[in-house]
Amino acid sequence: MSKSVMEMPPKGGFSFDLCKRNEMLSKKGVNPPSFRKTGTTIVGLIFQDGVILGADTRATEGPIVCDKNCEKIHYMAPNIYCCGAGTAADTEAVTDMVSSQLQLHRYHTGRESRVVTALTLLKRHLFNYQGYVSAALVLGGVDVTGPHLHTIYPHGSTDTLPFATMGSGSLAAMAVFESKYREGLTRDEGIALVSEAICSGIFNDLGSGSNVDICVITKAGKEYLRNHLQPNPRTYTSSKGYSFPKKTEVLLTKITPLKEKVEITEGGDAMEE
Amino acid sequence: MTKQQANWSPYDNNGGSCVAIAGADYCVVAADTRMSTGYNILTRDYSKLCKLADKCVMASSGFQADVKALQKHLAARHLIYQHQHNKQMSCPAMAQLLSNTLYYKRFFPYYSFNVLGGLDNEGKGCVFTYDAVGSYEKVGYSSQGSGSTLIMPFLDNQLKSPSPLLLPAQDAVTPLVEAEAVDLVKTVFASASERDIYTGDKLEIVVINADGIHREYMDLRKD
């Protein structure tokens, strides 16, 4: 069976074929489904012995909280972690992908991964997709060259900073950092400052909330403090509890037999192409 | 040549949720006290409840500037009524006035989602629920605002209204005791605060009964 049009091999990247159709549909009032974003406050700072990363734990779908306790600090390498803000699927996918690439690179070189390697892999990928992969990241780690902290924007640009914040709560967190950061913080001071910055985001930004996650990375190793702070317990639980006895009401029962008698037909005509 | 669209909107949504439940001899009206815009909180301590008459309280969520203007208008009309009739407006009368006021601005609406709660002339609880342009209905309970989609199904489950199609017409007020209704309201708001980013901070509960109006507060999640 010969085809009139030759099929081209698929090109890489996103396919924009349906954009015109989507535009037409939204003019008619049919809106695309909203995707899950991590509203988010993520921060990182460099202290005496290494890097501390912090994040809140709320994931939102528009105005609704879809996950009250998600993990935004992603593993990249034993000595490198990455916080992600933006579209949850994008941050997960891109950090998983680069994490795998780093592992293969470790096998290839026989050396510990460097933060700049992760940085370059991430920024190359994001630039390639021209900002459509909506991932804003705070990358931190300690390698042979010392502690490093970087921010990566969805379009692929990066910054190298002593302290950084990203996400919808970044302004609230940065206000805290700009007031209280200084060089040479101790571990406890650093954790306290990061917690304060994340809490500022949690309470003042509606896109961030729930708990504080912390990750401390030093030359010696890493410490992942999941739910280091839980400043938002449920405010009221009824003492008497609630029961849900009301099932869906049966209003009418009607049984219609589909066929009076089932017949078996001989011959193979049934399933012809 | 496409039509030019406005790039400025006269409206904003300040978020928040309201609830009202009618009982045999009381009415509970409640709303959270958070006022927000976009992802920011403007204040954690803003009352969305307004006493329109002796036994009549309105809770409104939506655009608080329009809500304030609406409350002012209704207060003025109530004062005129008192001068002309030498008595307070009853809750059903206020309900009709609110509906007419909202429809008056049908083509530039008050961005206000209201629930009206109070006692009728016989002292029984009544709740009226509205849309932005004045369509209203007497119900046994209702919720409006950003958390209403989370709250209403739970209230339906616990306080299920009899169908309005049944004859003879059945009353929608709940058989619950006042304390149980307040407990229900507290649970409902604690749950809504967990999942709605615009609901939280503090809960203001007002109970109207034969003794008068009693107000209480409860803390909600602040994140």
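Each value, and the rule that gives it
Residues numbered from 1 in each chain as written. Chains lettered and ligands numbered in written order. Predicted model: local features only at pLDDT ≥ 70, side-chain atom pairs only at ≥ 80, totals over all residues. Heavy atoms only, no water. Helix = DSSP H or I, 4+ residues; strand = E, 2+ residues; numbered from the N terminus. Rg over C-alpha atoms; globule rule 2.2 N^0.38 Å. Buried < 20%, exposed > 50% of the residue type's maximum accessible area, 1.4 Å probe, protein only. Contact = heavy atoms within 4.5 Å. Areas by Shrake-Rupley, 256 points an atom, 1.4 Å probe, with all protein chains shown as cover. Lys, Arg positive; Asp, Glu negative; His and termini not counted. Charge placed at Lys NZ, Arg CZ, Asp CG, Glu CD. Pairing = 2+ DSSP bridges. Disulfide = S-S within 2.5 Å. UniProt positions renumbered as here; feature names shortened; annotations may be inferred. Axes fitted to C-alpha atoms, helices over the stretch in contact; angles between N-to-C directions. Parallel < 35°, antiparallel > 145°, perpendicular 65-115°, else oblique. Left-handed = near helix turned anticlockwise from the far one by under 90°. Nonpolar A, V, L, I, M, F, W, Y, C, P; charged D, E, K, R; others polar. Buried area = accessible area lost by both parts, 1.4 Å probe. Salt bridge = Lys/Arg side-chain N within 4 Å of Asp/Glu carboxyl O. Polar contact = N/O pair within 3.5 Å; in protein donor to acceptor, adjacent residues only side chain to side chain.

Colleague: So what exactly am I meant to see when it comes to the overall build of chain B here?
Modeller: Summing up its helical and strand segments, chain B has 4 helices and 12 strands in all. Taking 2.2 N^0.38 as the reference for a compact globule, 223 residues should give roughly 17 Å; the C-alpha atoms of chain B span a radius of gyration of 17 Å, in line with that estimate. Reported as C-alpha extents along the three principal axes, the dimensions of chain B are approximately 60 × 45 × 35 Å. Here chain B holds 223 residues, and 52% of them are scored as buried. Put simply, of all contacts in chain B between residues at least 6 apart along the chain, 63% involve residues at least 24 apart. Summing over all exposed atoms, chain B offers an accessible surface of approximately 10600 Å²; the carbon and sulfur share of this is 54%. Here chain B carries 21 positive and 23 negative side-chain charges, and the mean point of each set is 7 Å from the other.

Colleague: Whenever I open this one, the pairing of strand β6 (residues 56-62) of chain B confuses me. Can you help?
Modeller: Two faces belong to every sheet, and in a regular strand the side chains alternate between them. Residues and elements named next belong to chain B. For β6, a buried count of 7 out of 7 residues is recorded, marking the element as mostly surrounded by other parts of the structure. Burial of β6 is two-sided: the residues Cys 56, Met 58, Ser 60 and Gly 62 facing one way and the residues Val 57, Ala 59 and Ser 61 facing the other way are all buried. Pairing of strand β5 (residues 49-53) with β6 involves 4 bridges; the strand directions are antiparallel. By the bridge assignment, Ala 53 is partnered in β6 with Cys 56. Both β6 and strand β7 (residues 112-119) contribute to a ladder of 7 bridges, which runs antiparallel. From the neighbouring strand, Cys 56 faces β7, where its bridge partner is Gly 118.

Colleague: How should the state of the cysteines be read in this particular structure?
Modeller: All names here are of chain B. All told, the structure shown has 0 disulfides over all chains when counted by the stated rule. Cys 56 takes part in no disulfide bond, and the closest cysteine sulfur, belonging to Cys 91, lies 3.7 Å away. Cys 91 takes part in no disulfide bond, and the closest cysteine sulfur, belonging to Cys 126, lies 3.6 Å away. Overall, the relative accessible area of 1% leaves Cys 91 in the buried class.

Colleague: Whenever I open this one, the UniProt feature "active site" (unreviewed entry) in chain A confuses me. Can you help?
Modeller: Residue and element names in this part refer to chain A. UniProt tags Thr 40 as "active site" (unreviewed entry). Residue placement: Thr 40 occurs in the loop between β1 (37-38) and β2 (42-47). Among the residues examined, Thr 40 registers a relative accessible area of 0% and is labelled buried. If we skip the residues at most four places from it in the chain, Thr 40 touches Asp 56, Lys 72, Gly 84, Ala 85, Met 166, Gly 167, Ser 168, Gly 169, Asp 205, Gly 207 and Ser 208.

Colleague: Is there a simple way to explain the sheet that holds strand β12 (residues 212-219) of chain B in this structure?
Modeller: Pairing between the strands of a sheet comes from backbone hydrogen bonds, and it takes one of two forms, parallel or antiparallel. Residue and element names in this part refer to chain B. The 5 strands lie next to each other as β10-β1-β2-β11-β12, forming an open sheet whose pairing is antiparallel. A single partner strand is all that each edge strand has here, and the edge strands are β10 (141-145) and β12. Between one strand axis and the next, the sheet turns through 15° on average, direction left out of account. Across 7 bridges, strand β2 (residues 26-32) lies against strand β11 (residues 202-209) in antiparallel orientation. Bridge assignment links Ala 31 to a residue of β11, and that residue is Glu 204. With respect to the sheet, helix α3 (residues 148-159) is in contact with β1 (17-22) and β10, its orientation differing from that of β10 by roughly 170°.

Colleague: For this particular structure, what's the right way to read the packing of helix α1 (residues 64-85) of chain B against helix α2 (residues 91-104) of chain B?
Modeller: Residues and elements named next belong to chain B. Where α1 meets α2, the axes come as close as 11 Å, and the angle between the chain directions of the two elements is 130°. The angle between the axes of α1 and α2 places the two elements in the oblique class. For the pair α1 and α2, the sense of crossing is right-handed. Between α1 and α2, the contacting residues are Leu 70, His 73, Leu 74, Arg 77 and His 78 on the first element and Met 94, Leu 97, Leu 98, Thr 101 and Leu 102 on the second. Looking at side-chain class alone, the contact of α1 with α2 contains 6 nonpolar, 3 polar and 1 charged residues.

Colleague: Explanation requested: the sheet that holds strand β3 (residues 50-55) of chain A in the structure shown.
Modeller: Residues and elements named next belong to chain A. The antiparallel open sheet is built from 5 strands, whose spatial order is β11-β2-β3-β12-β13. The outermost strands of the open sheet, each flanked by one partner alone, are β11 (163-166) and β13 (222-229). Each neighbouring strand pair of the sheet contributes to a mean axis angle of 15°, computed without reference to strand direction. Here β2 pairs with β11 via 4 bridges, running antiparallel. Opposite Gly 44, over in β11, you have Ala 164 as the bridge partner.

Colleague: Honestly, the pairing of strand β6 (residues 73-77) of chain A in this entry has me stumped. Any pointers?
Modeller: All names here are of chain A. Within β6, 4 of the 5 residues are buried, leaving the element largely enclosed by the surrounding structure. Bridging between β6 and strand β7 (residues 80-87) involves 4 bridges; their strand directions are antiparallel. Looking across to β7, one finds that Tyr 75 is bridged to Tyr 81.

Colleague: Where do I start with the interface of chain B and chain A in this structure?
Modeller: The interface is formed by 29 residues belonging to chain B together with 31 residues belonging to chain A. Together, the buried faces of chain B and chain A total about 2700 Å²; carbon and sulfur atoms form 51% of this surface. On the chain B side of the contact with chain A, Tyr39(B), Arg195(B) and Asp223(B) bury the most area, a combined 27% of that side's loss. The interface formed by chain B and chain A includes 2 salt bridges. The partner of Lys68(A) in a salt bridge is Glu194(B), and the shortest N-O contact between them spans 2.7 Å. For the pair chain B and chain A, the interface holds 17 residue pairs in polar contact (both at pLDDT 80 or more). Looking at the side of chain B that touches chain A, the elements that each hand over two or more residues are β4 (40-43), α3, α4 (178-195) and β12 of chain B. Ranked by residue count, the leading element in the side of chain B that touches chain A is α4(B), at 8 residues.

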